[in-house]
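# Reading the structure
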Amino acid sequence: MADFKLSRPVQSHKGELETVTLREIKARDLFDLGEPVEIERETKGNYVDRNTFGVVTRVKRNMPAFSRYIERLSGLDFPTVGALAVPDVMAMVAYIEKQLEEAGDSPLPPASSSSSPTA
């Protein structure tokens, strides 16, 4: 569980929020919502040396999926999540990515964020 102090308060059905708490991801969340990233891998050959190959990996965040994760993990509704400041959302995205990375079930690169939650 992690608490995120918002950079600016938002109105919700629960009143004015200054902090959002995200619970830990459970297996049911992952089964229902899926991985919130799209992974593309491409093998490229070297034009000079035919025996040399490289693999290019592209990771694309699926922001609608992250929104659904934030909604589910926080208990907030879609309009409230949509009203959050982008830096606050990105801190929550980093928290979600970190959980998936630590579970060993995600090909995500290490999550980094300038804003870290308080546990």
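Everything numeric in this text was worked out from a predicted model, so none of it was measured.

If you tally the helices and strands in the chain, you get 4 helices and 4 strands. Going through the 119 residues of the chain one by one, you find that 32% of them count as buried. Contacts in the chain between residues at least 24 apart in sequence constitute 56% of all its contacts with a sequence separation of at least 6. Roughly 7,700 Å² of accessible area belongs to the chain as shown, and the carbon and sulfur atoms make up 52% of that amount.

Compared with the 16 Å implied by 1.5 Å per residue over 12 residues, the 16 Å span of helix α2 (residues 63-74) between its first and last C-alpha is a close match. Where α2 is concerned, the buried positions are Ala65, Phe66, Ser67, Tyr69, Ile70, Leu73 and Ser74. Positive backbone phi, at 80 degrees, marks glycine 75, one or two positions downstream of α2.

On to the packing of α2 against helix α4 (residues 86-102). When two helices pack together, their arrangement is given by the angle between their axes and by how far apart the axes lie. Running from N to C, α2 and α4 point in directions that differ by 85 degrees, and their axes come no closer than 10 Å. By the angle between their axes, α2 is roughly perpendicular relative to α4. Counted together, Met63, Phe66, Tyr69, Ile70 and Leu73 of α2 and Val89, Met90, Met92, Val93, Ile96 and Glu97 of α4 form the full contact between these two elements.

Once their charged atoms are close, side chains differing in charge can pair, the charge on each being opposite to the other. Here the structure, examined in full by the defined rule, presents 6 salt bridges. The residue aspartate 32 makes a salt bridge to arginine 72 at a minimum N-O spacing of 3.1 Å. Of the two residues, aspartate 32 is situated in helix α1 (residues 27-33) and arginine 72 in helix α2; the sequence distance between them amounts to 40 residues. The class for aspartate 32 is partly exposed, based on a relative accessible area of 42%. A cluster of three or more residues bridged by salt bridges with shared partners is formed by Arg23, Arg28, Asp29, Asp32 and Arg72.

The grouping of Met63, Val86 and Met90 at the surface amounts to a nonpolar patch, some 250 Å² of accessible area in total. As for its placement among the helices and strands, valine 86 is situated in helix α4. Here valine 86 falls in the exposed class, since its relative accessible area comes to 60%.

A few words on the nonpolar core. Core analysis: the biggest nonpolar cluster contains 24 residues, and Leu22, Leu84, Met92 and Ile96 have the highest contact counts within it. Mapped by element, the contributors of at least two residues to this core are β1 (2-12), β2 (15-22), α2 and α4. Per-element accounting of this core gives the leading share, 7 residues, to α4. If sequence neighbours within four positions are ignored, leucine 84 has contacts with Leu6, Arg8, Val10, Val20, Val89 and Met92.

The rules we used
All chains use their own residue numbering, which begins from 1 and follows the written sequence. Where local features are concerned, this predicted model is filtered to residues with pLDDT of at least 70; where side-chain atom pairs are given and counted, the filter is 80 or more; whole-chain, interface and lining totals use all residues. For the side-chain quantities, the full set of heavy atoms in the structure was used; hydrogens and water were omitted. Every helix listed is a DSSP run of H or I at least four residues long, and every strand listed is a run of E at least two residues long, numbered separately from the N terminus. Buried means the residue's accessible area, taken with a 1.4 Å probe over protein chains only, is under 20% of the maximum for its type, while exposed means over 50%, and partly exposed covers the values in between. The contact criterion used throughout is that any non-hydrogen atoms of two residues lie within 4.5 Å. Surface accessibility follows the Shrake-Rupley procedure with a 1.4 Å probe radius. Residue values consider only the protein chains on display as shielding. In this scheme, a helix's expected span is set at 1.5 Å multiplied by one less than its residue total. What counts as an axis is a line fitted to C-alpha atoms, over the stretch in contact for a helix, and the angles between N-to-C directions run from 0 to 180 degrees. Note on angle classes: values under 35 degrees are labelled roughly parallel, values over 145 roughly antiparallel, values of 65 to 115 roughly perpendicular, and the remainder oblique. Note on definitions: salt bridges are taken to be side-chain nitrogens of Lys or Arg within 4 Å of carboxyl oxygens of Asp or Glu. Two distance rules govern patches: like charges are joined within 9 Å, and nonpolar side chains (Val, Leu, Ile, Met, Phe, Trp, Tyr) within 5 Å, applied only to residues with over 30% relative accessible area and no salt bridge. The definition of a nonpolar core used throughout is a set of buried Ala, Val, Leu, Ile, Met, Phe, Trp, Tyr and Cys residues joined through side-chain atoms within 4.5 Å.

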